[in-house]
Amino acid sequence: CARGKNTVTSLSLPGQIIGGTLVEEISSMSFLEILNLKDAHLKGTIPDTFSNLYSLKEINLSRNRLVGSIPKNFFTQLDKLELFDLSDNVLTGIIPDNIGAHCEIHTLLLNKNRLIGTIPLDKFRKFMLKHLDLSENGFRGTISPDLLRHTNIETINFGNNGLSGALMENLFDELKNLVYFNVSQNIINGEIPSLLSHKPKIEQLDLHFNQLSGIIPVNLEQMRALEYLNLQGNFLVGSIPMELNNLEHLHTLALSHNKLIGSIPLQLNDRLSNLKRLYLHSNKLRGEAPLTEKTMTEYITDCGEEFLTCHDCSICCNDEKACINNIRIQMLPSVYIFITIFVVVLLCYSNKKKIMRTDLLKKQFHEKVSLWKASDLIGTDKTVYHYFLTQNKVGWIIGLATCACQVATLSLFLVAADASNNNGDVQYTIQCPEYSLECEDNDTRTIFGYTILGLVIVAWLLRDIIGSFKLFLLSMHKKNIDFFFASIIVMFVSLFSVATSIYYNYAIASNDTEMIYDAVILLFVNEIDERLYQLAESCNLSWVYEVNESVERQSYHDKKDLIIYRSIHRMRKRISSFHHHYLSGRNMKMKEPEIAVECADNAVVVVDDDDMTLTQSNIQTNNNKMMDDHKDSLNTSNNTEKDIELMHDPIMNISRDSIGSVCNNNIEKSTSEKKKVSFCNH
């Protein structure tokens, strides 16, 4: 309000959610100078009576939902108007002819509406314009030099309309103060005017997504104040001028989606040190893309065998104008990682004594490793990788062939995940359109999906990785070369599977479900060793049993364990044979015993679990006692294999740890006295 007067000179409520329509009562404020109702959620039309606001200097009704046309008599009496902003509404129709009735307007903003017709060039010449924005409308016609006769104009934005014709050389003759010029997303043809470079004050020049042809003018280097140059989406030919290196203030350079050829002569580290955004994709450039020592916000080029080699690019595109994050391409090949692991492992093996320098460490190491059994550390009970624990040549050949098959299969996926491979499976999920510098990524993967992927990989492969590492430690402990190579091979295949699953899914999948689906398929390759074991059983079961016996013999740690195993193996055959003849002689059918308990003191008891019940605690107690007594006897006497009276039946799947003694007092007989078979003093 004016001092000492009951008059309103300013009505400014920007950003307030007022709603409703513009009331005509506002037009009665004859002393109103500023009307600012920006982003007030207004709707409806602009009242014709606003032309009665004689004192109005600024009117800002932008970012509302006003409809209709600009009143024809709006500018009849507004001779003091300086700022007129109706941008970002839904206004239609044409610009009124009487808009040029007065010449005080210096800022005219009508962008982001639905205005049509031609730009009234003869009316604008009367203005003292500094800022003119008519972008994102439906204007047609050409850009005549008569339009731009305002020596004070600083910004011109005619972008995203339907303007056509060429930019004539004398278009910019009188624009001495021009700072910003934008005619993007129109139908402008012809060449880039060379005289445009005579405007040294221009900071932003945007001509993208037109039909400009010819070459990039070399004399653009004279626009030393230029910070933003966008020539994307035209038909420009030739090479990138080296003279662009002189634009030291340039922070954005977009030359993508043209027909440029040759190499990239830009000096990103030296002359163009302020450059943050560089767009060169969808051209025919070749050679090595320039490296950069600074962090750029966006650096997009074409990458591949037929295009550029770019190590520092943030995004790479293919010949179909689809793009991908360059980090997917720059991931180190998995084989390099495994070579490093192998070197470290070999160094550890060759320098075992240096690693375990103290006696305490040696003691702790030996105590833990002495409890491990080699065959239990490799995969499941049925895998061809057990054959690496033997001296059987055929078994080694089968194992190596299995390893080669798995690695070759996984390598196919690695090759398919290479973005430089034109026939690969890489999903180019990023789209960088001609009409915008903003790229859109259709990748919808989430942290939850990566978490599930990690859990699947861990559940599938962690057991093999830990087991192979333990086997490696066991090979160091026993200095066993077979154990060493077996651990290295299994560790290699397991880690190779992990790396391939992660790398392939990162390069291929575009959502969580695809990621899990691909991971399961890849991890199935890790089951080939078990499938080949089943195949070997089907082809030659006796040979498989023979190799398994060799694996068991090799898995025991010292001579005492081996003596025990050989005695058990020999006694097993005798008991099995006797059991078979006994049942045949009685001409009776008896189902296969489900519980076999070994007894020392010249006795073994074979029991059907339907008839007898074992007290597990008594069995375990006597087992441990007999095992300790037996080992003490081995340590204090010169026993031979024939002196050992332990018996074991591997067919019953009794583990090595259960070897011991079960005496008659450890068996609680059931009430029925059926089918009890006892062999004593054998």
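Look a little higher up for the structure.
*Asks:* It is not clear to me how the overall build of the protein should be interpreted in this structure. Could you clarify?
*Replies:* Across its full length, the protein carries 13 helices and 35 strands. Within the span of the protein, comprising 682 residues, buried residues form 46% of the whole. Accessible surface, the protein: about 34,100 Å² in total, of which carbon and sulfur atoms supply 54%.

*Asks:* Quick question: what am I supposed to make of the state of the cysteines here?
*Replies:* By definition, a disulfide is the covalent link that joins the sulfur atoms of two cysteine residues. In total, this model carries 4 disulfides according to the counting rule given. Shown here is the disulfide that connects Cys310 with Cys313, its sulfur atoms set 1.5 Å apart. One quick way to see it: the torsion about the S-S bond of Cys310 and Cys313 is about 95°, and its sign makes the bridge right-handed. Comparing Cys310 with Cys313, the two get one shared label, buried. Across a sulfur-sulfur distance of 2.1 Å, Cys432 and Cys439 are joined as a disulfide pair. Between Cys432 and Cys439, the disulfide has an S-S torsion of 115° and is therefore right-handed.

*Asks:* Before we go on, may I ask you to explain the packing of helix H6 (residues 393-416) against helix H8 (residues 481-508) in this structure?
*Replies:* Think of two packed helices as two axes; the pair is described by the angle between the axes and how far apart they sit. Between H6 and H8, whose axes approach to 9 Å, the crossing angle comes to 20°. Taken together, the axis directions place H6 and H8 in an arrangement best described as roughly parallel. By crossing handedness, the relation of H6 to H8 is classed as left-handed. Mapping the contact onto sequence places Trp396, Leu400, Cys403, Gln406, Val407, Leu410, Ser411, Phe413, Leu414 and Ala416 in H6 and Asp482, Phe485, Ile489, Phe492, Val493, Phe496, Ser497, Thr500, Tyr503, Tyr504 and Ile508 in H8. Split into classes, the residues belonging to the contact of H6 with H8 amount to 16 nonpolar, 4 polar and 1 charged.

*Asks:* Whenever I open this one, the side chain of His281 confuses me. Can you help?
*Replies:* Locating His281 in the fold gives a position in the loop between strand S22 (277-279) and strand S23 (284-285). When near neighbours in sequence (up to four residues on either side) are disregarded, His281 contacts Ser256, His257, Ile300, Thr301, Asp302, Cys317 and Cys432.

*Asks:* Explain a negative patch on the surface to me, please; I cannot follow it from the model alone.
*Replies:* A contiguous patch of negative charge on the surface is contributed by Glu305, Glu306, Asp319 and Glu320. By secondary structure assignment, the location of Asp319 is in the loop between strand S27 (315-317) and strand S28 (322-325). Asp319 gets classed as exposed once you look at its relative accessible area, which sits at 57%.

*Asks:* What exactly am I supposed to notice about the nonpolar core here?
*Replies:* Grouped burial of nonpolar side chains is what soluble globular proteins tend to show. Core analysis: the largest hydrophobic core is formed by 85 residues, its most contacted members being Phe84 and Leu108. Once you skip the residues sitting within four places of it in the chain, Leu108 turns out to touch Phe84, Ile99, Phe124, Phe127, Leu129, His131, Leu132 and Asp133.

*Asks:* How do you make sense of the pattern of salt bridges when you look at a structure like this?
*Replies:* Close approach of charged atoms lets side chains of opposite charge pair. Counted by the stated rule, this structure contains 4 salt bridges. Note that Glu438 is salt-bridged to Arg277, the shortest N-O span being 3.5 Å. Taken as a pair, Glu438 in the loop between strand S29 (430-431) and strand S30 (440-441) and Arg277 in strand S22 lie far apart in primary sequence, 161 residues in all. On the basis of relative accessibility, which here comes to 52%, the residue Glu438 falls in the exposed class. With a closest N to O distance of 2.6 Å, Arg445 and Asp443 form a salt bridge.

*Asks:* I'm lost on the packing of aromatic side chains in this one. Help?
*Replies:* The way to describe two aromatic rings as a pair is by their centre distance and the angle between their planes. Across all of its chains, the model carries 10 aromatic pairs by this definition. Look at Phe469 and Phe472: their rings are 6.4 Å apart centre to centre, the planes differ by 35°, and that puts the pair in the tilted class. Remark: Phe472 and Phe469 occur in helix H7 (residues 447-478); sequence separation between them is 3 residues, near one turn of the helix. Accessibility expressed as a relative area gives 44% for Phe469, which makes it partly exposed. Pairing Phe472 with Phe484 gives two aromatic rings, centres 6.2 Å apart and planes at 45°, and the pair type is tilted. You can see Phe472 sitting in helix H7 and its partner Phe484 sitting in helix H8, a full 12 residues away along the chain. The exposure classification of Phe472 matches that of Phe484, with both residues buried. Aromatic rings pair up to connect Phe469, Phe472, Phe484 and Phe485 into one cluster. Residue placement shows Arg445 over the ring face of Tyr506; its charged tip is 5.4 Å from the ring centre.

*Asks:* Would you mind going over the pairing of strand S9 (residues 114-118) with me for this structure?
*Replies:* Consecutive side chains along a regular strand alternate between the two faces of the sheet. Alignment of strand S7 (residues 92-93) against S9, held across 2 bridges, turns out to be parallel. Bridging across to S9, Gly93 finds its partner in Leu115. As judged from the 3 bridges shared by S9 and strand S11 (residues 138-142), these two strands associate in the parallel manner. Paired with Thr118 across the strands is Arg140, a residue of S11.

*Asks:* Explain the sheet that holds S11 here, please?
*Replies:* Strand pairing in a sheet relies on backbone hydrogen bonds, with the paired strands running either antiparallel or parallel. Read from one edge of the open sheet, 7 strands run S7-S9-S11-S13-S15-S17-S19, paired in parallel fashion. Pairing within the sheet leaves two strands with one partner each, and these edge strands are S7 and strand S19 (235-236). In this structure, strand S13 (residues 162-166) lies alongside strand S15 (residues 187-190), joined through 3 bridges in parallel fashion. Within the sheet, the bridge partner assigned to Gly165 lies in S15 and is Ile188.

*Asks:* How do you make sense of the pairing of S13 when you look at a structure like this?
*Replies:* Relative to S13, S11 is paired through 3 bridges, and the arrangement is parallel. Counterpart to Arg140 in the pairing with S13 is Gly162.

*Asks:* Would you explain helix H9 (residues 512-524) in this entry?
*Replies:* A turn of α-helix holds 3.6 residues, and therefore any two residues three or four places apart point the same way. Over its 13 residues, H9 runs 19 Å from end to end, which matches the ideal 18 Å to within 8%, given 1.5 Å per residue. Within the span of H9, buried status applies to Asp512, Met515, Asp518, Ala519, Leu522 and Leu523. Summarising the axial view, the buried residues of H9 lie within an arc of 130°, below the 170-degree limit, and thus occupy one face. Among the exposed residues of H9, those pointing more than 90 degrees away from its buried face are Thr513 and Tyr517. Against the buried residues of H9 lie H6, H7 and H8.

*Asks:* I'm lost on the environment of Gly44 in this one. Help?
*Replies:* Looking at where Gly44 falls in the secondary structure, it is placed in strand S3 (residues 43-44). As a C-alpha pair, Gly44 and Asn64 span 20 residues in sequence and 9.6 Å in three-dimensional space. Ignoring anything within four residues of it in the chain, the contact list for Gly44 reads Thr21, Arg65, Leu66 and Val67.

*Asks:* For this particular structure, what's the right way to read helix H10 (residues 528-539)?
*Replies:* The terminal C-alpha atoms of H10 lie 16 Å apart, and with 12 residues this matches the ideal 16 Å at 1.5 Å per residue to within 8%. Looking only at H10, the buried set comprises Ile528, Asp529, Glu530, Tyr533 and Ala536.

*Asks:* What is the right way to look at a nonpolar patch on the surface in this model?
*Replies:* On the surface, Val458, Leu462 and Ile466 cluster together to form a nonpolar patch covering roughly 230 Å² of accessible area. Relative to the assigned elements, Leu462 resides in helix H7. Taking relative accessible area as the criterion, Leu462 reaches 38% and is therefore assigned partly exposed.

Conventions used here
Residues numbered from 1 in each chain as written. Predicted model: local features only at pLDDT ≥ 70, side-chain atom pairs only at ≥ 80, totals over all residues. Heavy atoms only, no water. Helix = DSSP H or I, 4+ residues; strand = E, 2+ residues; numbered from the N terminus. Buried < 20%, exposed > 50% of the residue type's maximum accessible area, 1.4 Å probe, protein only. Areas by Shrake-Rupley, 256 points an atom, 1.4 Å probe, with all protein chains shown as cover. Disulfide = S-S within 2.5 Å. Axes fitted to C-alpha atoms, helices over the stretch in contact; angles between N-to-C directions. Parallel < 35°, antiparallel > 145°, perpendicular 65-115°, else oblique. Left-handed = near helix turned anticlockwise from the far one by under 90°. Contact = heavy atoms within 4.5 Å. Nonpolar A, V, L, I, M, F, W, Y, C, P; charged D, E, K, R; others polar. Patch = residues over 30% accessible without salt bridge, like charges linked within 9 Å, V, L, I, M, F, W, Y side chains within 5 Å. Salt bridge = Lys/Arg side-chain N within 4 Å of Asp/Glu carboxyl O. Lys, Arg positive; Asp, Glu negative; His and termini not counted. Charge placed at Lys NZ, Arg CZ, Asp CG, Glu CD. Core = buried A, V, L, I, M, F, W, Y, C linked by side-chain atoms within 4.5 Å. Phe/Tyr/Trp six-rings, centres within 6.5 Å; stacked < 30°, edge-to-face > 60°. Lys NZ or Arg CZ within 6 Å of the ring centre and 35° of its normal. Pairing = 2+ DSSP bridges. Expected span 1.5 Å × (residues − 1). Arc of directions from axis to C-beta.

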